[in-house]
Amino acid sequence: MKKTTAVSGACKLGRLHRTYDPRVPHLSALLAGQAPITPPAAVDWTKGMPANLGMMLNDKLGDCTCAAVYHAMQVWSFNAGGTVVTQPDTDVEKLYIQADGYNPKVPGEGPGGNEQHVLTYWLQTGAPIGPNGAGRQKIFAFVEVDPRNVNDVKQTINDCGVAYIGFNVPQSVQPPGQLPPEVWNYIPTQANIIGGHAVVLAGYDTNGARVISWGQYYTMTWEFFAHFVDEVYAIADAAWVGSKGTTPGGFTLDQLEVQMNALKGT
């Protein structure tokens, strides 16, 4: 069993059901007619990162769609400069307020969030960063990836450092009164859905994908992935592109920005 800071009751969820915005480009459409790319057998962009990346308030709030944003930034900053840059929890809360409509004056976990809404806000306005959220970090682009195409999911992780995903959470991930297990397997007798969750995948091998959630690392087996994941996004980030030179699908930033024009209103 993996060591975490809280039992499952303090590991909140918060992803709302996915939506279908026709303005969001799809990787499969962008790659149509091109020869399939075989991704590496395994990658791990978290190697050397701290064991605990912080809850990002997801032990109190249903802000997983925003927590995943800041976990992605940690992966990118570490791989760009060798040091994990962690933004303060106040910035995470600001994003939850601004992108998801959370009202801190109302008791409870808040409304949860929609992944495409959060990604669009990140693209258009930027996520708050730095003291008092005075700065803004924007992404260049995000592209939807078909979760049924595992090779595209793997290539997304390899190209972008992370895949930003949403899934329906079975009871097996949060056994009552227990810690989330280190490995998330598909267990038919514990497959009842208890909510939705947003996380980033920052590595993979033949067994499954490396998950960052609740500040910890888990393994999501590919069988689990196939049963419960229903949205995946590839993201182009400035720090990552500047250090690794790779983008979703191998497209240039200019090409990706053209794909974003509809979402940007240009």
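Basis of the calculations
Residues numbered from 1 in each chain as written. Predicted model: local features only at pLDDT ≥ 70, side-chain atom pairs only at ≥ 80, totals over all residues. Heavy atoms only, no water. Salt bridge = Lys/Arg side-chain N within 4 Å of Asp/Glu carboxyl O. Helix = DSSP H or I, 4+ residues; strand = E, 2+ residues; numbered from the N terminus. Buried < 20%, exposed > 50% of the residue type's maximum accessible area, 1.4 Å probe, protein only. Pairing = 2+ DSSP bridges. Disulfide = S-S within 2.5 Å.

A. Geometry of the pattern of salt bridges. Under the counting rule described, the total for this entry stands at nine salt bridges. The residue arginine 18 makes a salt bridge to glutamate 144 at a minimum N-O spacing of 2.7 Å. In this pair, arginine 18 sits in the segment before α1 (27–30) while glutamate 144 sits in strand β4 (residues 141–145), placing the two residues 126 residues apart along the sequence. In this structure, glutamate 257 engages lysine 264 in a salt bridge whose closest nitrogen and oxygen atoms are separated by 3.9 Å. Of the residues examined, glutamate 257 reaches a relative accessible area of 27% and is grouped as partly exposed. Taking relative accessible area as the criterion, lysine 264 reaches 33% and is therefore assigned partly exposed.

B. The pairing of strand β9 (residues 216–221), seen in detail. With five of six residues buried, β9 is to be regarded as a mostly interior element. The sheet contact formed by strand β6 (residues 183–184) and β9 spans two bridges and is parallel. Paired with valine 183 across the bridge in β9 is threonine 219. Sheet topology note: the strand β8 (residues 208–213)/β9 ladder contains six bridges and is antiparallel. Across the sheet, residue isoleucine 212 finds its bridge partner in β9, namely tyrosine 217. Hairpin connection from β8 to β9: two residues lie between these consecutive antiparallel strands, with tryptophan 214 at a positive phi of about 55 degrees.

C. Summary view of the state of the cysteines. What the rule picks out here adds up to zero disulfides. Cysteine 64 forms no disulfide, and the closest cysteine sulfur to it belongs to cysteine 66, at a distance of 8.4 Å. For cysteine 64, a relative accessible area of 1% corresponds to the buried category. Given the relative accessible area of 0%, cysteine 66 is considered buried.

D. Region of the structure containing the pairing of β8. Of all six residues making up β8, five are buried, and the element is well covered by its neighbours. One ladder, built from three bridges, connects strand β7 (residues 193–204) with β8; its direction is antiparallel. The residue of β8 that forms the bridge with valine 200 is isoleucine 212. Between β7 and β8, which pair antiparallel one after the other, the connecting turn spans three residues.

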